[in-house]
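Listed here are the chains, written in short residue letters.
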Amino acid sequence: MRYGLISLLILVAAFSRLIPHPFNFAPVGAMALFGAAYFSKRYLAFLIPIIGMWLSDLALNNLVYGQYFDHFVWFYQGFAFTYGAFILIGLLGMILLNKVKPQNLLLASLLASVIFFLVSNFGVWASTPLYTKDFTGLLTCYTAGLPFIKNTILGDLIYTTVLFGAFEFAQSKISALRFAR
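A. Expanded view of helix α2 (residues 28-38). The buried count for α2 comes to 11 of 11 residues, which makes it a mostly enclosed element. Looking only at α2, the buried set comprises Val-28, Gly-29, Ala-30, Met-31, Ala-32, Leu-33, Phe-34, Gly-35, Ala-36, Ala-37 and Tyr-38.

Structure follows, in structure tokens:
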């Protein structure tokens, strides 16, 4: 029951990406942190959030943004950097969220936003012809990404609050969801 609810919350968060929202206001960091904090089987802490992210990416790339592609998109250009950031955020969660406390959640959420910003923008710089392949090009890429960091931070903070808050509330009401890690 516990793993089922954790998985369901992650999948609901993943598919909330299909709801219209401001750019970069998404549950990505929160999903990785949530899985890392609550799955005692470490492989599930990565597998379930990655599956949720990939399924929502399939829907986004082929339904929502399908007119921009001339074929079915299984993986988009630069996906390795996005998913790499996602895995790093999961590892961060395993380190910082052994104890789920508000101050740990705040720190983990803010660091998740920074990791995602640094890795995903590095990916844009490295995998597209938009920027020169030198230090100036990398700085230009990071500068171009700055307007989006506010929504990344807000999305991570709000989705982290909702996911962790919902699960903590459920644990307080349903004893079968509680167990020590």
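B. Layout of the nonpolar core. Ranked by internal contacts, the top residues of the largest apolar core, which has 37 residues, are Leu-33, Phe-34 and Phe-164. Among the elements that line this core, the one with the most residues is α2, at 9 residues. Counting 7 residues, the second-largest nonpolar core is a separate cluster that includes Phe-117, Trp-125, Tyr-131 and Cys-141.

C. Focus on the packing of helix α1 (residues 2-15) against helix α6 (residues 135-173). Between α1 and α6, the shortest axis-to-axis distance is 11 Å and the interhelical angle comes to 155 degrees. Considered as vectors, α1 and α6 are oriented roughly antiparallel to each other. For α1 against α6, the interelement crossing comes out right-handed. Here Arg-2, Leu-5, Ile-6, Leu-9 and Ala-13 of α1 lie close against α6, whose contacting residues are Leu-163, Phe-167, Ala-170 and Gln-171. Residue composition of the contact of α1 with α6, grouped by class: 7 nonpolar, 1 polar and 1 charged.

D. Expanded view of the packing of aromatic side chains. Applying the stated criterion across every chain yields a total of 18 aromatic pairs. Between Phe-34 and Phe-164, the ring centres sit 5.3 Å apart and the planes meet at 90 degrees, which makes this aromatic pair edge-to-face. Residue Phe-34 is located in helix α2, and its partner Phe-164 is located in helix α6; the two are separated by 130 residues in the primary sequence. The exposure class of Phe-34 is buried, given its relative accessible area of 0%. For Phe-164, a relative accessible area of 2% corresponds to the buried category. An angle of 70 degrees between the planes, with centres 6.0 Å apart, marks the rings of Phe-79 and Tyr-83 as edge-to-face. Note that Phe-79 and Tyr-83 are positioned in helix α4 (residues 79-96) at a spacing of 4 residues, about one turn of the helix. A relative accessible area of 29% places Phe-79 in the partly exposed class. Members of the aromatic cluster, connected to one another through ring pairs, are Trp-54, Phe-72, Trp-74, Phe-75, Tyr-76, Phe-79 and Tyr-83.

E. Summary view of the packing of α2 against α6. Contact geometry of α2 with α6 gives a least axis separation of 7 Å together with a crossing angle of 35 degrees. The element α2 and its partner α6 pack so that their crossing is right-handed. Of the residues in α6, those touching α2 at Val-28, Gly-29, Ala-30, Met-31, Leu-33, Phe-34, Ala-37 and Tyr-38 are Asp-156, Tyr-159, Thr-160, Leu-163, Phe-164, Phe-167, Glu-168 and Gln-171. A class-by-class count of the residues in the contact of α2 with α6 yields 11 nonpolar, 3 polar and 2 charged.

F. Local environment of the side chain of Thr-152. Within the element layout of this structure, Thr-152 appears in helix α6. Judged by its relative accessible area of 7%, Thr-152 falls in the buried class. There is a polar contact of 3.2 Å between the side chain of Thr-152 and the backbone oxygen of Phe-148. Here Thr-152 is in contact with Asn-24, Ser-113 and Phe-116, once residues within four sequence places are set aside.

Conventions adopted
- Residues numbered from 1 in each chain as written.
- Predicted model: local features only at pLDDT ≥ 70, side-chain atom pairs only at ≥ 80, totals over all residues.
- Heavy atoms only, no water.
- Buried < 20%, exposed > 50% of the residue type's maximum accessible area, 1.4 Å probe, protein only.
- Helix = DSSP H or I, 4+ residues; strand = E, 2+ residues; numbered from the N terminus.
- Core = buried A, V, L, I, M, F, W, Y, C linked by side-chain atoms within 4.5 Å.
- Axes fitted to C-alpha atoms, helices over the stretch in contact; angles between N-to-C directions.
- Parallel < 35°, antiparallel > 145°, perpendicular 65-115°, else oblique.
- Left-handed = near helix turned anticlockwise from the far one by under 90°.
- Contact = heavy atoms within 4.5 Å.
- Nonpolar A, V, L, I, M, F, W, Y, C, P; charged D, E, K, R; others polar.
- Phe/Tyr/Trp six-rings, centres within 6.5 Å; stacked < 30°, edge-to-face > 60°.
- Polar contact = N/O pair within 3.5 Å; in protein donor to acceptor, adjacent residues only side chain to side chain.

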